[in-house]
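Okay, here's what each chain looks like letter by letter:
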Amino acid sequence: MAAQAVKKKVVKVAPPPRVAAPLPEGLAAVRDALGALGFAVQADAESGLTFMFEGGQYYVPAQEDDAAFYHLLFPNFWPLESDEEHGQALFACDAVNREAKLVKLHTVDGDVWAGVEALHAQPQGFVEALPRYLTFVQEAVRAFRDVMLAAQEAEEAEPAQDA
């Protein structure tokens, strides 16, 4: 009897779905509370929470080492296109940081970011204060833009005065 060729059927099996790490308890409570307030929240255990507010994307990073510490970030609201603009931004950040409530402005990799750092014993305290924090961030961003635009206008007017 001659050997018959046996065809083997190859079955490809998809790898098991990646199981996302659970959010820390406090961050999960913030996510749920933001969702209850109508925010569309994206959550990731490693990076934290992301949500949109008034056309801007905000972050609440995961804080593994301090459950009472909350950080609200509004990144990349002003791109820095030159060394001169970077210097102007440092001046503007300093000016706003002296006056703004709770908000710190800073530069990160060629952009300007705004952030609020706060301590809350419970996640609900952060969520209750969030509307004020968002208002403070928006006010600080407006103040920063005003300083930057005034500096740019003064720079543009300078050559006309020299002529």
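What counts, and where the lines are drawn
Residues numbered from 1 in each chain as written. Predicted model: local features only at pLDDT ≥ 70, side-chain atom pairs only at ≥ 80, totals over all residues. Heavy atoms only, no water. Salt bridge = Lys/Arg side-chain N within 4 Å of Asp/Glu carboxyl O. Helix = DSSP H or I, 4+ residues; strand = E, 2+ residues; numbered from the N terminus. Buried < 20%, exposed > 50% of the residue type's maximum accessible area, 1.4 Å probe, protein only. Pairing = 2+ DSSP bridges. Core = buried A, V, L, I, M, F, W, Y, C linked by side-chain atoms within 4.5 Å. Contact = heavy atoms within 4.5 Å. Phe/Tyr/Trp six-rings, centres within 6.5 Å; stacked < 30°, edge-to-face > 60°.

Chemist: In this structure, what is going on with the pattern of salt bridges? I would like to understand it.
Modeler: Where side chains of opposite charge bring their charged atoms close, a pairing between them can arise. Summed over all chains, the structure comprises three salt bridges. Across the salt bridge formed by arginine 31 and aspartate 32, the nearest N and O atoms sit 3.0 Å from each other. A salt bridge links aspartate 94 to arginine 98; the nearest nitrogen and oxygen atoms lie 2.7 Å apart. With aspartate 94 and arginine 98 both in helix H2 (residues 83-99) and four residues apart, this pair spans about one turn of that helix. Exposure remark for aspartate 94: the relative accessible area of 41% places this residue in the partly exposed category. On the basis of relative accessibility, which here comes to 55%, the residue arginine 98 falls in the exposed class.

Chemist: Sorry if this is basic, but what is going on with the pairing of strand S3 (residues 56-61) here?
Modeler: As a general feature of sheets, a regular strand has side chains that alternate between the two faces. Relative to S3, strand S2 (residues 48-53) runs antiparallel, the two sharing six bridges. Residue glycine 48 lies in a different strand from S3, and its bridge partner there is proline 61. Connecting S2 to the antiparallel partner S3 that follows it, the hairpin turn spans two residues, and glutamate 54 within it adopts a positive phi of roughly 50°.

Chemist: Would you mind showing me how to read the nonpolar core here?
Modeler: Soluble globular proteins: nonpolar side chains tend toward being buried together. Ranked by size, the top nonpolar core spans 41 residues in total, and within it Phe51, Leu72, Phe77, Leu105, Phe126, Val137 and Phe144 carry the most contacts. Those elements that place two or more of their residues in this core are helix H1 (25-36), S2, S3, strand S4 (69-79), H2, strand S5 (103-108), strand S6 (111-119) and helix H3 (123-162). With 12 residues, H3 is the largest single contributor of residues to this core. Discounting residues that sit within four places of it in the chain, phenylalanine 77 has contacts with Leu105, Val112, Trp113, Ala114, Val141, Phe144 and Arg145.

Chemist: Before we go on, may I ask you to explain the packing of aromatic side chains in this structure?
Modeler: Aromatic rings considered in pairs are described by the distance between their centres and by the relative angle of their planes. A full pass over the atoms with the stated rule returns 10 aromatic pairs. Summarising the aromatic geometry, the rings of tyrosine 58 and phenylalanine 74 are spaced 4.6 Å apart at their centres and angled 15° between planes, so their arrangement reads as stacked. With tyrosine 58 in strand S3 and phenylalanine 74 in strand S4, this residue pair connects regions lying 16 residues apart in the sequence. Residue classification places phenylalanine 74 among the buried residues on the basis of a relative accessible area of 13%. Look at phenylalanine 77 and phenylalanine 144: their rings are 5.4 Å apart centre to centre, the planes differ by 90°, and that puts the pair in the edge-to-face class. With a gap of 67 residues between them, phenylalanine 77 in strand S4 and phenylalanine 144 in helix H3 connect regions that are remote in the sequence. Pair check on accessibility: phenylalanine 77 and phenylalanine 144 agree, each one buried.

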